[in-house]
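Residue-level listing of the chains:
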Amino acid sequence: MEKLWAGRFSKESDRAADDFNSSIAVDSAMIRQDIKGSMAHAAMLGAKNIIPMADAEKIIDTLAVILAEIEDGSLEVDMGSEDVHTFVESVLTERIGDAGRKLHTARSRNDQVALDVRLYMRDALGELIGEIKSLVNALADKAEEQKATIMPGYTHLQRAQPITFGHHLLAYAFMLLRDIDRLQDVVKRMNYSPLGCCALAGTTYDTDRRAVAEALGFDGVVPNSLDGVSDRDFCVEAASALSIVMMHYSRLSEEIILWSSWEFGFVELDDAYTTGSSIMPQKKNSDMAELIRGKSGRVYGNLFALLTMLKGLPLAYNKDMQEDKEAIFDSLDTVSACTTIMTPMIATMRVKPENMRKAAGGGFINATDLADYLTKKGMPFRTAYKTVGGIVALCIQKGVVLDELSLDEYKKQSELFEADLYEAISLETCVNKRSSEGGTSVPSVEKQLKIVRAALEA
Ligand code: ARG
């Protein structure tokens, strides 16, 4: 295929250099956005009499046919093209000749690619937000079902205080709601059209950038043409927000992996989301969760690739920026794939409340409540804390837990102890007395659930 710049050059470029330069394998993903951008551009060129209306119409009609053929598979992208912009323009020109050659008036591939990436990301982020909402919904459903299931809550991975499994799952729901918020924020700041910035300096034609922006659903135009073609901060922002999503998925995956282990036995993943071993017949591995945890690495890597690619670039466009798409598209694809596997994995996960309860009950998880018991009877908290510390040491020495120590023994430690202490340190009391806002009691969790459901509907 003849190069766009053949006029200036006297020698063919090297084949390997062509391949190295080509971005079609990555940017053909934006072909729909590229065509829609060109249709809006052509309409503006016609309306402003920059090209004859008849030519503009021919371009728009033919682009619509090309789009339809791409959708139904009858037109295949030529992987030998330099990039998606060149491919679309060459097909157009093959079909309508000189009219097609007028499309690139008052435009450059620099503003064209900046436009395509924004359009692509807007679509992709919109879809992804929908997928993350489904995951939050799955977490909320599971949390509702498990709102009274008592499990150990941990700090430092040491049993700390009893909580409910519903409470634990909702913590992730709130993290993901903030992720959705961050992604929406990226779209909001990104949603300004760079088209019409041209190569870098704007154009001598009397264009109407605002009309194009409006036709393409933007909130306005990028006010500075150098900025419009030079910055990819929206890719960095998206890559950063997507990294935070993966960090959350990775923590949840880590917990699922722990919970499914023989040692914990808190949940069992559905067979559909686990794998066996080629040699050990007893194994059921949580491969999906492990892969999600592992894939956080590449998404963080993409963020660093983008930041590093941009850091030394003089204004305006530099070819380095072609690397933006591979990084951000991979992050978008990876987070989407992880989200769509995580959702049914959570929805089908079988919870084992008996094991959770056993793990919550077999130790000193109610020690804080014993100290609170004394405090509520008038002992200063620090003194109560110390007293209970001594009781815990005594229990360890005797090989019993707090619930098993006799009232006589308790009374030797403090006059304030009465028979009602056992009720005060039962796991149910520990959970249900924590009715503060955001706490683990069933009514508190129900309130949190309502907040999550309302956010999903908003
Ligand atoms: N494939 C290029 C990219 O993704 C398109 C823009 C090319 N512009 C240029 N001046 N060579 O960045």
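Thresholds applied
Residues numbered from 1 in each chain as written. Predicted model: local features only at pLDDT ≥ 70, side-chain atom pairs only at ≥ 80, totals over all residues. Heavy atoms only, no water. Helix = DSSP H or I, 4+ residues; strand = E, 2+ residues; numbered from the N terminus. Expected span 1.5 Å × (residues − 1). Buried < 20%, exposed > 50% of the residue type's maximum accessible area, 1.4 Å probe, protein only. Phe/Tyr/Trp six-rings, centres within 6.5 Å; stacked < 30°, edge-to-face > 60°. Lys NZ or Arg CZ within 6 Å of the ring centre and 35° of its normal. Salt bridge = Lys/Arg side-chain N within 4 Å of Asp/Glu carboxyl O. Near = heavy atom within 4 Å. Polar contact = N/O pair within 3.5 Å; in protein donor to acceptor, adjacent residues only side chain to side chain. Pairing = 2+ DSSP bridges. Axes fitted to C-alpha atoms, helices over the stretch in contact; angles between N-to-C directions. Parallel < 35°, antiparallel > 145°, perpendicular 65-115°, else oblique. Left-handed = near helix turned anticlockwise from the far one by under 90°. Nonpolar A, V, L, I, M, F, W, Y, C, P; charged D, E, K, R; others polar.

A. Broad picture of helix H11 (residues 233–259). Over its 27 residues, H11 extends 39 Å from the first C-alpha to the last, a length consistent with the 39 Å expected when each residue adds 1.5 Å. Burial runs high along H11: 19 of the 27 residues are buried.

B. The packing of aromatic side chains, seen in detail. If you walk through the whole model with that rule in mind, you get 8 aromatic pairs. Note on phenylalanine 165 and tryptophan 259: the rings are 5.1 Å apart at their centroids and 75° apart in plane angle, and the pair reads as edge-to-face. Pair noted here: phenylalanine 165 is in helix H8 (residues 165–190) and tryptophan 259 is in helix H11, with a separation of 94 residues, a long-range link. Residue class for tryptophan 259 comes out buried when judged on its relative accessible area of 2%. Ring geometry for phenylalanine 264 against phenylalanine 266: centres 5.2 Å apart, planes inclined by 80°, an arrangement best described as edge-to-face. Per residue, the accessibility class of phenylalanine 264 equals that of phenylalanine 266, and both read buried. One aromatic cluster is present, built from ring pairs that chain together Tyr373, Tyr410, Phe417 and Tyr422. Over the ring of phenylalanine 218 we find arginine 122; its NZ or CZ atom is 5.0 Å from the centre of that ring.

C. Just the pattern of salt bridges, in detail. Counting across every chain of the model gives 30 salt bridges. In this structure, aspartate 141 and arginine 453 form a salt bridge, with 3.0 Å as the shortest nitrogen-oxygen distance. In this pair, aspartate 141 is assigned in helix H7 (residues 109–145) and arginine 453 in helix H20 (residues 442–457), connecting sequence segments 312 residues apart. Judged by its relative accessible area of 40%, aspartate 141 is partly exposed. Accessibility expressed as a relative area gives 23% for arginine 453, which makes it partly exposed. Its salt-bridge partner being lysine 412, residue glutamate 409 comes within 3.9 Å of it at the nearest N-O pair. Remark: lysine 412 and glutamate 409 occur in helix H17 (residues 407–413); sequence separation between them is 3 residues, near one turn of the helix.

D. Quick look at the site of the ligand. All residues in the neighbourhood of the ligand are listed as Ser23, Asp27, Asp83, His85, Arg109, Asn110, Val113, Tyr317, Gln322 and Lys325. Between aspartate 83 and the ligand, the recorded distance is 3.4 Å, taken from a side-chain N or O atom to a nitrogen atom. Contact distances for the ligand include 2.6 Å between an oxygen atom and a side-chain N or O atom of lysine 325. Ranked by residues supplied to the shell around the ligand, first place goes to H7 with 3 residues.

E. Representation of the pairing of strand E2 (residues 158–164) in the model. With 6 bridges joining them, strand E1 (residues 150–155) and E2 adopt antiparallel strand pairing. Of the residues in E2, the one forming a bridge with tyrosine 154 is arginine 159. Counting the residues in the hairpin turn of E1 and E2 gives 2 residues, including histidine 156, whose phi is positive at 55°.

F. Structural context of helix H3 (residues 31–47). In this model H3 runs 24 Å from its N-terminal to its C-terminal C-alpha over 17 residues, within 8% of the 24 Å that 1.5 Å per residue would give. Of the residues trailing H3, asparagine 49 is marked for its positive phi of about 60°.

G. Expanded view of the packing of H7 against helix H13 (residues 323–347). The geometry of H7 relative to H13 is characterised by a closest axis approach of 9 Å and an angle of 15° between their N-to-C directions. Of the possible angle classes, the one that applies to H7 and H13 is roughly parallel. Handedness of the crossing formed by H7 with H13: left-handed. Considering only residue class, the contact of H7 with H13 consists of 18 nonpolar, 5 polar and 5 charged.

These figures come from the coordinates and say nothing about function on their own.
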